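Here is how the chains run, residue by residue.
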Amino acid sequence: MTSTDSADPLSQPPHPNPSPNGRGASQRRRGEGLRIALLYNLAQNAPALGGDAPADALDELDTQKNVEAYAAALRAAGHTVFPMEGDVSLAAKLRRLHVDVAFNTCEGYVGDSREAQVPALLEMLGIPYTAAAVLGLSLTLDKAMTKRVLAYHGLPTPRFQEFFTANDPLDPTLRFPLFIKPNREGTGKGITGKSIVNSQAELRDYVGYLLKHYRQSVLVEEYIDGRDLTCGLVGNLATVALNAPIPVEALRSKDGMGVDYAGVHFFPISEVDYTVYEPGTEPVYSNRLKVELADRYRGLCPAPLAEDVAAEIRRLTLETFRRTQSVDLCRVDFRLDRQSGPHAQPQILEINSLPGLTPISALTLCAEAEGWTHADLIVAVMNAAIGRHHLSPKANGKAAVRATRAAQAAPGPVVETSF
Ligand SMILES: Nc1ncnc2c1ncn2[C@@H]1O[C@H](COP(=O)(O)OP(=O)(O)OP(=O)(O)O)[C@@H](O)[C@H]1O
Ligand SMILES: [Mg+2]
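Residues numbered from 1 in each chain as written. Chains lettered and ligands numbered in written order. Predicted model: local features only at pLDDT ≥ 70, side-chain atom pairs only at ≥ 80, totals over all residues.

## Quick notes on the overall build of the chain
This is how the line gets drawn: What counts as a helix is a DSSP run of H or I of at least four residues, what counts as a strand is a run of E of at least two, and both are numbered from the N terminus. Three exposure classes are used. Buried residues have 20 or more other C-beta atoms within 10 Å of their own C-beta, exposed residues have 12 or fewer, and partly exposed residues fall in between, all C-beta atoms being placed from the backbone. Here contacts are defined at the residue level, using C-beta atoms placed from the backbone and a cut-off of 7 Å between them.
Scanning the chain for helices and strands turns up eleven helices and 14 strands. Within the chain, the proportion of its 419 residues that are buried is 48%. Counted over contacts in the chain with a minimum sequence separation of 6, partners at least 24 positions apart contribute 74%.

## With respect to the nonpolar core
Our working definition: To define a nonpolar core, we join buried Ala, Val, Leu, Ile, Met, Phe, Trp, Tyr and Cys residues through C-beta atoms within 7 Å and take the resulting set.
Of all hydrophobic cores here, the largest spans 87 residues; its most connected members are Ile36, Ala37, Leu38, Leu74, Ala102 and Ile378. With ten residues, helix 10 (residues 374–388) is the largest single contributor of residues to this core. With residues near it in sequence (within four places) discarded, Ile378 still touches Tyr70, Ala73, Leu74 and Leu357. Listed in part, the 16 residues of the second largest apolar core include Leu178, Val197, Val220 and Tyr223.

## A look at the pairing of strand 8 (residues 226–235)
What counts here: Note on pairing: two strands pair once DSSP finds at least 2 bridges between them.
Judged by how many residues are buried, strand 8 sits mostly within the fold: nine of ten residues are covered. Where strand 8 and strand 13 (residues 329–337) come together, nine bridges link them in antiparallel fashion. Bridge pairing in strand 13 places Gly226 opposite Asp337. Sheet topology note: the strand 8/strand 11 (residues 270–272) ladder contains two bridges and is antiparallel. If you follow Thr230 over to strand 11, its bridge partner there is Ser270. When strand 8 meets strand 10 (residues 264–266), the two strands line up antiparallel, connected through three bridges. Note on strand 10: the bridge partner recorded for Gly235 is Val264.

## Concerning the site of ligand 1
Here is the rule: The criterion for a residue being near a molecule or strand is simple: its C-beta atom, placed using the backbone, must lie within 6 Å of it. Side-chain classes are defined by residue name, with Ala, Val, Leu, Ile, Met, Phe, Trp, Tyr, Cys and Pro counting as nonpolar, Asp, Glu, Lys and Arg as charged, and the others, Gly among them, as polar. An automatic or database domain assignment supplies the start and end points of every domain.
Every one of the 21 residues lining ligand 1 counts as a neighbour, but Phe179, Gly186, Glu221, Val284 and Tyr285 are closest to it. Elements supplying a minimum of two residues to the shell around ligand 1: strand 5 (178–182), strand 13 and strand 14 (346–352). Ranked by the residues each element gives to the shell around ligand 1, the list is headed by strand 14, at three residues. Split by residue class, the shell around ligand 1 holds eight nonpolar, four polar and nine charged. Both domain 2 (159–222) and domain 3 (225–353) contribute no fewer than three residues apiece to the shell around ligand 1.

## What about the sheet that holds strand 1 (residues 35–40)?
Hydrogen bonds along the backbone pair up the strands of a sheet, which may run parallel or antiparallel. Put simply, the test is: Under this scheme, a helix contributes an axis fitted over its contacting stretch, all axes are lines through C-alpha atoms, and angles between N-to-C directions fall in the 0 to 180 degree range.
Strands sit in the order 2-1-3 across an open sheet of three strands; the sheet is parallel. In this open sheet, the two edge strands, each paired with only one partner strand, are strand 2 (80–85) and strand 3 (101–104). Each strand of the sheet is rotated relative to its neighbour by a mean of 25°, with strand direction disregarded. Strands strand 1, strand 2 and strand 3 of the sheet are contacted by helix 1 (residues 64–76), whose axis makes an angle of about 165° with strand 1.

## Some words on helix 8 (residues 307–323)
Rule in force here: Working rule for helices: expected span equals 1.5 Å times residues minus one.
Under the 1.5 Å per step criterion, the end-to-end length of helix 8 is 24 Å for 17 residues, consistent within 8% with the ideal 24 Å. Restricting attention to buried positions, one finds in helix 8 the residues Ala310, Ala311, Glu312, Ile313, Arg314, Arg315, Leu316, Thr317, Leu318, Thr320 and Phe321. Along its buried surface, helix 8 packs onto helix 5 (143–152), strand 8, strand 9 (259–261), strand 10, strand 13 and strand 14. Once helix 8 ends, the next one or two residues include Gln325, with phi positive near 60°.

## A short note on the environment of Gly387
Take Gly387: it is sitting in helix 10. Sequence-wise, Gly387 and Asn236 are 151 residues apart; in three dimensions their C-alpha atoms are separated by 8.7 Å.

This is the structure we're talking about:
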């Protein structure tokens, strides 16, 4: 099933008097918000699944209720919002609506760069949008490619090998236990107790299963026995800070809560609390924990960390953000080796350049831990894109005020990013 403007209960009628240049900007009166296309991919609109599709196939996709929450936040900030499915009819829908900007939450349905498909279309149509662009989203969906970029920049990530067949010779320098997951998924898809393997037989068995059911390469990494941490941010680095060294001392928090640096706001770091699960539950943040046991989830936020470790996690988050061409927001997932004591080296597992933004997503919970609302977060992401694209900022939510304060508090001359 696909949704159209008229069939979409969330959408509003097209603009009555579109501008000749295809944008609505010239029609805006002083004080009016922007015309925003709110783009989503709902699980209910996914193409039919093949017979061997895994049970978690649709778990990354959104629900109408969540989309209503994004729309309400943007409307409350003074914008006119046109929610619509990011499907093959998107170009035609957008041509009629003459929007100023798109708020992109599209995970994509199929394809090795599925998250980059809607951004590519938006670029062809000349419509600016929130979050990373085509290259950034293609790169970060692919965990092995991302890890190669991280390694090039000297950033710590578990040693790994990408498998294309279950018989690929195993790199003899990799040490068991190893950890196995699909290379281009999220929401813990394909991550189960079987992901941790102690022998070549176990490894080939699970690699073979993932190759068959997820139809993509498989990532085999050294297993980090440790704490699960995540660090999220919103905003964009000022031009002067884009390529400059990041001083870790500037990323220390006085109270463990948020930190502002050069146009970027870090939310408090969060840790998965495994004590809430039954003994014997898998010791990793698996698909079952993320979906079936989502109600049981408890995050320690801010995570109990020595401040030098927390500041280093923020530095690594920001390095990963800028080296992968992420913009506006991200969430970087880490493991902190249990064996290496309080000053363990955080290991970067992955970056989510299009992280979940639902009312119960990890990034939302981190923002709420320092008093933001879900709506504040949505509006802050929108405002980051508005600033980056030099659209006139009209949002009047609390987050707009915070973002302004963050920019004022940033060290050094702060200018808007130029890309
Ligand atoms: N190399 C590893 N060593 C130990 N645990 C790991 C490793 N890689 C992943 N994990 C575990 O699996 C979880 C999910 O991994 P990852 O973040 O890569 O998956 P994802 O499906 O992309 O997640 P998300 O829901 O954030 O999109 C981690 O939080 C961690 O618990
Ligand atoms: Mg993750």
